Amino acid sequence: MDYLKALAALGIWPAIYPLGAFVLACGGEPAHRLRFHPLLALGVGSAVATLLLMALAWIGALRPVWIGAAAWLLLALWCWRERVWTRRRDAFAALRALLRRQGFAAFAAAAIIAVATFFYAMYPKESLLGERDEGTYAQHALHLLRGGDSRIDLRALGIAEEPSVREIAAGHAPELPGIYPTGDRWTFQFSAATPTWMAMLAAPLGPQGIFRFNALLGALNCIAFYALLRRLLPARARAWAVPALAVFALQPAQVWVSRNTLSEPLCAWFLAVGLFAASVAVGRRSRRLGLIAGGLIGMGCFVRIDAIVFALAAAGAALAAAALGRNARATAVLGETAIGCFAVAALAMGYYLACVQPYLLGLTDVVVAAAVATAACAFLAHAAATAPSPRLRAA
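Residues numbered from 1 in each chain as written. Predicted model: local features only at pLDDT ≥ 70, side-chain atom pairs only at ≥ 80, totals over all residues. Heavy atoms only, no water.

Trainee: Just to check I follow, could you spell out the sheet that holds strand 3 (residues 185–188) for this structure?
Mentor: Hydrogen bonds along the backbone pair up the strands of a sheet, which may run parallel or antiparallel. With antiparallel pairing, the 3 strands of this open sheet are ordered in space as 1-3-2. The outermost strands of the open sheet, each flanked by one partner alone, are strand 1 (151–153) and strand 2 (179–180). The sheet contact formed by strand 2 and strand 3 spans 2 bridges and is antiparallel. Each bridged residue has a counterpart across the sheet, and for Ile 179 the counterpart in strand 3 is Phe 188. Those strands touched by helix 7 (residues 133–147) are strand 1 and strand 3, and its axis lies near 130° from that of strand 3. (Pairing = 2+ DSSP bridges. Helix = DSSP H or I, 4+ residues; strand = E, 2+ residues; numbered from the N terminus. Contact = heavy atoms within 4.5 Å. Axes fitted to C-alpha atoms, helices over the stretch in contact; angles between N-to-C directions.)

See below:
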């Protein structure tokens, strides 16, 4: 029975791709044509799944077995609807064409990512006890795995009347690290985005799933980084993407954070796929895809509250592009990206206000200033992008 439960809980992972493909299919052209793009589908699917898991954790309904079973059903329905077995020949042909086109670079990149993943996964830093922020994320994930609720119900645990607990609640004793004493249901300090995914991986794999979740994300971040470089670099300079990938994947900071139970890798994932989606949107001149790209960048704010600086940077970049005005169609796409980024970042701030209020209040000065600046840049960029050009007014 335990093996069947573990198999059921694994369903969330293969269902990420069809979930993202479904959302892209509803995004109009050319997002519909890109619904089978692996990186875009995984990015969009992981964003939607993150929001669903966070909502379930907040209402106390994070049940990995039932979620996984529903995900297996979603995967089966999507495979039947899309007739994926008829697309195998096209998929293998596209893979062969990619390997012929990139040649040695593709094999070198795969080898670098494999070596990096070995270092990420084989030497995790176990941090269920202590270790400051790492321990907070790990304990949050373990709590979700046990009860399915992001909050700590003291009465359900039978410790509400403990003298030490009452002393902390009354402010007569120091607070526990990483936990806010908020009535009878205490609150973990950080967002539940990363702990929910850790709990979903720990359901079939045990506590080791908590420690190795970021190893998986570290490998995905390497893939996204390489794809982004290949897209942004000019054709004659794309060979430099391989050594750049080696530096990124094997640098001490990347290895360290991928071995720890922190939220930076998930935030970096949304930033990388968001930038990749924005570059595709500009290339295809798709406003809807630009809006989706902005939403992906803004998803970083659901993972980390300080990711508001990335939303501000994206909106500022869109405003700068509008001020330069060198490419009206690209400016229009980036204007939508700025709005999408601001909208999701604003929703994330609402999440912190409702679910992790003490954490938000402790950073009010910085967060409010960055949020206001993000809103101003986003709306100015959107207004500049949608305003008629001087040539049209002259005509």
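Trainee: I keep staring at helix 6 (residues 104–122) and nothing clicks. Help me out?
Mentor: Side chains that are three or four residues apart share a direction in an α-helix, a result of its 3.6 residues per turn. An ideal rise of 1.5 Å per residue puts 27 Å on 19 residues; helix 6 measures up with 27 Å between its terminal C-alpha atoms. Restricting attention to buried positions, one finds in helix 6 the residues Ala 105, Ala 106, Ala 108, Ala 109, Ile 112, Ile 113, Ala 116, Tyr 120 and Ala 121. (Expected span 1.5 Å × (residues − 1). Buried < 20%, exposed > 50% of the residue type's maximum accessible area, 1.4 Å probe, protein only.)

Trainee: Would you take a moment to explain the pattern of salt bridges for this structure?
Mentor: Should their charged atoms come close, side chains of opposite charge can pair. One pass over the structure, following the stated rule, counts 5 salt bridges. Between Arg 185 and Asp 153 there is a salt bridge; the shortest N-O distance is 3.1 Å. In this pair, Arg 185 is assigned in strand 3 and Asp 153 in strand 1, connecting sequence segments 32 residues apart. Classification of Arg 185 by relative accessible area gives partly exposed; the value is 29%. (Salt bridge = Lys/Arg side-chain N within 4 Å of Asp/Glu carboxyl O.)

Trainee: It is not clear to me how a nonpolar patch on the surface should be interpreted in this structure. Could you clarify?
Mentor: A cluster of nonpolar side chains, Val 115, Phe 118, Phe 119, Met 122, Tyr 123 and Leu 250, forms an exposed patch at the surface whose accessible area comes to about 560 Å². Sorting elements by how many residues they give to the nonpolar patch places helix 6 first, with 4 residues. Its location among the elements puts Phe 118 in helix 6. When its relative accessible area of 41% is taken as the criterion, Phe 118 is described as partly exposed. (Patch = residues over 30% accessible without salt bridge, like charges linked within 9 Å, V, L, I, M, F, W, Y side chains within 5 Å. Areas by Shrake-Rupley, 256 points an atom, 1.4 Å probe, with all protein chains shown as cover.)

Trainee: Looking at this structure, I do not really get the environment of Leu 216. What am I missing?
Mentor: The residue Leu 216 is located in helix 11 (residues 207–232) in this model. Classification of Leu 216 as partly exposed rests on a relative accessible area of 38%. It is 7.7 Å that separates the C-alpha atoms of Leu 216 and Ala 121, two residues lying 95 residues apart in sequence.

Trainee: What's the story with unusual backbone geometry in this structure? I'm lost.
Mentor: Trans is the prevailing form of peptide bonds, just as negative phi is the prevailing case for residues other than glycine. Although it is not a glycine, Arg 285 adopts a positive phi angle of roughly 55°. Turning to its location among the elements, Arg 285 is positioned in the loop between helix 14 (264–284) and helix 15 (287–298).

Trainee: Before we go on, may I ask you to explain the environment of Trp 240 in this structure?
Mentor: Summarising the element assignment, Trp 240 is placed in the loop between helix 11 and helix 12 (241–250). Residue class for Trp 240 comes out exposed when judged on its relative accessible area of 62%. Taking the C-alpha atoms as reference points, Trp 240 and Thr 50, 190 residues apart in sequence, are found 33 Å from one another.

Trainee: Would you mind going over the packing of helix 15 against helix 18 (residues 328–355) with me for this structure?
Mentor: With their axes 6 Å apart at the nearest point, helix 15 and helix 18 run at an angle of 35° to one another. Where helix 15 crosses over helix 18, the handedness of that crossing is right-handed. Seen from helix 15, the contacting residues are Arg 287, Gly 290, Leu 291, Ala 293, Gly 294, Gly 295, Ile 297 and Gly 298; seen from helix 18, they are Ala 332, Val 333, Glu 336, Thr 337, Ile 339, Gly 340, Cys 341, Val 344 and Ala 345. The residue inventory of the contact of helix 15 with helix 18, partitioned by class, reads 9 nonpolar, 6 polar and 2 charged. (Left-handed = near helix turned anticlockwise from the far one by under 90°. Nonpolar A, V, L, I, M, F, W, Y, C, P; charged D, E, K, R; others polar.)

Trainee: How do you make sense of the pairing of strand 3 when you look at a structure like this?
Mentor: Successive residues of a regular strand alternate their side chains across the two faces of the sheet. The sheet contact formed by strand 1 and strand 3 spans 3 bridges and is antiparallel. Its bridge partner lying in strand 3, Arg 151 is registered against Thr 187. From the end of strand 2 to the start of strand 3, which pair antiparallel, there are 4 residues, and Gly 183 there has a positive phi angle of about 70°.

Trainee: Can you walk me through helix 10 (residues 193–205) in this structure?
Mentor: Here helix 10 spans 19 Å end to end across 13 residues, near enough to the 18 Å set by a 1.5 Å rise per residue. In terms of burial, helix 10 is largely enclosed, as 11 of its 13 residues are buried. At the exit of helix 10 stands Gly 206, carrying a positive phi of roughly 80°.

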